[in-house]
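Spelled out from the first residue to the last, the chains are:
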Amino acid sequence: MKQRKYIFVVGGVLSGVGKGVTTASLGAIFRTKGFKVTALKVDPYVNVDAGTMNPTEHGEVFVTDDGDETDQDMGNYERFLDTSLGSINYMTTGRVYLTVIENERTMKYNGKCVQVVPHIPEEIIRRIETSADMHDADITIIEVGGTVGEYENILFLEAGRRMRLKNPDNVAFVLVSYLPVPKHLGEMKTKPTQHASRALNSAGLNADMLIARGQFELDQPRREKLAIHCGIPRDNCISAPDVSSIYEIPLKLEEQDIGNKLLNKLKIDNRESDMSTWQSFVSKIDNLDKKIKIAVVGKYFGTGEFTLADSYISVIEAIKHAAWFNGVEPELDWVDSEDFENESDSIKKLSDYHGIIVPGGFGTRGVEGIIEAIRYARENKVPYLGLCYGMQLASVEFVRNVLGKTNANTVEMDPDTPEPVIHINPNQAKNVKENRYGGTMRLGAYDCSLKESSMVKRAYGEEKISERHRHRYEFNNDYRDEVDKAGLKVVGMNKDADLVEIVELENHPFFVGTQFHPEFKSRPMKPHPLFREFIKAAIDK
Ligand code: GLN
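Let us look at the structure shown here. Everything numeric in this text was worked out from a predicted model, so none of it was measured.

Reading the values: the criteria
- Residues numbered from 1 in each chain as written.
- Predicted model: local features only at pLDDT ≥ 70, side-chain atom pairs only at ≥ 80, totals over all residues.
- Heavy atoms only, no water.
- Near = heavy atom within 4 Å.
- Polar contact = N/O pair within 3.5 Å; in protein donor to acceptor, adjacent residues only side chain to side chain.
- Helix = DSSP H or I, 4+ residues; strand = E, 2+ residues; numbered from the N terminus.
- Nonpolar A, V, L, I, M, F, W, Y, C, P; charged D, E, K, R; others polar.
- Axes fitted to C-alpha atoms, helices over the stretch in contact; angles between N-to-C directions.
- Parallel < 35°, antiparallel > 145°, perpendicular 65-115°, else oblique.
- Contact = heavy atoms within 4.5 Å.
- Pairing = 2+ DSSP bridges.
- Core = buried A, V, L, I, M, F, W, Y, C linked by side-chain atoms within 4.5 Å.
- Buried < 20%, exposed > 50% of the residue type's maximum accessible area, 1.4 Å probe, protein only.
- Salt bridge = Lys/Arg side-chain N within 4 Å of Asp/Glu carboxyl O.

Some words on the site of the ligand
Right, so step 1: G360, G361, F362, C388, Y389, Q392, E412, R470, H471, R472, Y473 and H517 make up every residue found near the ligand.
Right, so step 2: At 3.1 Å from an oxygen atom of the ligand is found a side-chain nitrogen or oxygen belonging to Q392.
Right, so step 3: Within the contact set of the ligand, an oxygen atom lies 2.8 Å away from a backbone nitrogen or oxygen of Y473.
Right, so step 4: Elements that contribute at least two residues to the shell around the ligand include exactly α16 (389-401) and β17 (464-471).
Right, so step 5: Looking at side-chain class alone, the shell around the ligand contains 4 nonpolar, 5 polar and 3 charged residues.

Structure follows, in structure tokens:
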């Protein structure tokens, strides 16, 4: 059997300095060297998944093909590795404990006393190794969320320590740490990173490599200092200054031969990397001067630890991929739909944009304003892409304003609406009634058949597609024929469950609503067909 190798990526000083993108970039580099790579995300919180968390606390919930509600970093891994990951690539403290407790309840430990150590780290190791086996990975990269020294991630570090103890040549540790440049001093300070390194030492570990994140390049004197104080070879202190696009990071890291340095540590022979595809991609996106303005309309999300942008990171990336493919630089504006409710004239500001997107969402806030924005897009022939809630509300808008049923609604907004264009099936209603929220939506990949001669079929270039879902409500088939006849064509269906998946408006440059989330499957160098066509229509406008 082949030797599987493992790289743990841990954080120092601050979270949010790009551990996820670093992990994804390392994966991309090893792939260009011809290795099979997979990546795991560890979220140390107790939630079983990200699905029950408020987006302002957590950012985007990234949905996998197999229907797991995971962290946005999983999206970075999929995009950089150009692969699909599954539930086995994601774990939280809650998930690990849940398995251990279930095992105890079913006597899997044969009557032993079940303890935090070793049983929790053993379950963590089992998950990591299972993922490596499932992907037949030569190299598995594990990103441990948070920063070293927190109570929360100590058991994950312990799992890594045990793996390293057993096979010292198969496990490496990378510390991604932040080096601040306080304004009043004007120089980069290494002390916080020295402390982070010590915190890692107190978990019985020493990093093999340091990735020095900061505003500026790591200079030689500081590299020496870090090498001595952190006990890391000087050449393994890698400079990772801020860059204008995350897609430059693989290049920036591999310039410093990071791949072979890690291979040395893992006792694998050095290999050439071929970064030419990344190189030409980055130079293309660096040199775009034409701009396109896109409005993303939704309720205001700007509170809590995360902002609107974090909640829609895959949508943003999908827009960028599609725009770059079409040779333009996208300019995104977040438009708060509540403005349209408070001041009806403000809808006119949408005339500044070449295209409008309504992304997924939940709840009642700002919905009437979103419906106004959709009406504007429909009537003024502004290219429109509605993602999940954006499809549901486009259907409501159409029934209200084209079919003239003014009290049409989604039952999410008005449970007693006489015209429930978007409704809920009895099983889902039961979940809600019994507060069974965790992992109970319609989740993950489902097939969709596209109608002959539809625009979406031309865009995809195939008849059968598979896309990822995350919703509880759905299009009410009682309205299907009526809506279709009046011009909002039902062009995508899931035949197994007889569910509407895509609607598109006739006699409009581009007006498409999808019950699924196409954004999850967009890749930097392979934009999603619907985003690609949306941007093309926006450029034509
Ligand atoms: N709130 C809607 C539903 O639950 C849409 C969900 C979404 O946009 N992801 O069906």
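Considering the packing of helix α5 (residues 116-134) against helix α6 (residues 154-166)
Right, so step 1: Packing of α5 against α6 brings their axes to within 9 Å, and their N-to-C directions diverge by 70 degrees. In terms of orientation, α5 and α6 fall into the roughly perpendicular class. Side by side, α5 and α6 meet where V116, V117, P118, I120, P121, I124, I125, I128 and E129 of the first sit next to L155, F156, E158, A159, R162 and M163 of the second.

A short note on the sheet that holds strand β7 (residues 171-179)
Right, so step 1: On the basis of which strands lie adjacent, the open sheet formed by 7 strands has the order β5-β2-β6-β1-β7-β8-β9 and parallel pairing. Every interior strand has two partners, whereas the edge strands, β5 (90-92) and β9 (237-241), have only one. Going from strand to strand, the sheet's axes swing by 20 degrees on average, the running direction of each strand aside.
Right, so step 2: Of the pairings in the sheet, the one linking strand β2 (residues 37-43) to strand β6 (residues 139-144) comprises 6 bridges and is parallel in character. When the sheet's bridge partners are listed, K41 is paired in β6 with E143.
Right, so step 3: Each of β2, β5 and β6 touches helix α3 (residues 72-81); the most contacted strand, β2, lies at about 170 degrees to it.
Right, so step 4: The strands that helix α8 (residues 220-230) touches are β7, β8 (209-214) and β9; relative to β9, the one it contacts most, it runs at about 130 degrees.

A short note on the nonpolar core
Right, so step 1: I7, F30, I258 and L262 are the most contacted members of the largest nonpolar core, which has 49 residues in total.
Right, so step 2: Residue contacts for L262: discarding those within four places in its chain leaves I7, L26, F30, A172, V174 and M209.

Considerations on the pattern of salt bridges
Right, so step 1: Enumeration according to the criterion identifies 49 salt bridges in this entry.
Right, so step 2: For D82, the salt bridge goes to K526, with nearest N and O atoms at 2.7 Å. Of this pair, D82 sits in the loop between α3 and β5 while K526 sits in the loop between β21 (511-514) and α20 (529-540), placing them 444 residues apart in sequence.
Right, so step 3: R480 is the salt-bridge partner of D498, the closest N and O atoms lying 3.1 Å from each other. You can see D498 sitting in the loop between β19 (488-494) and β20 (499-505) and its partner R480 sitting in helix α19 (residues 480-486), a full 18 residues away along the chain.
Right, so step 4: We classify D498 as partly exposed; its relative accessible area is 38%.
Right, so step 5: If you follow the salt bridges from partner to partner, you end up with K2, R4, K36, D133, D136 and D138 in one network.

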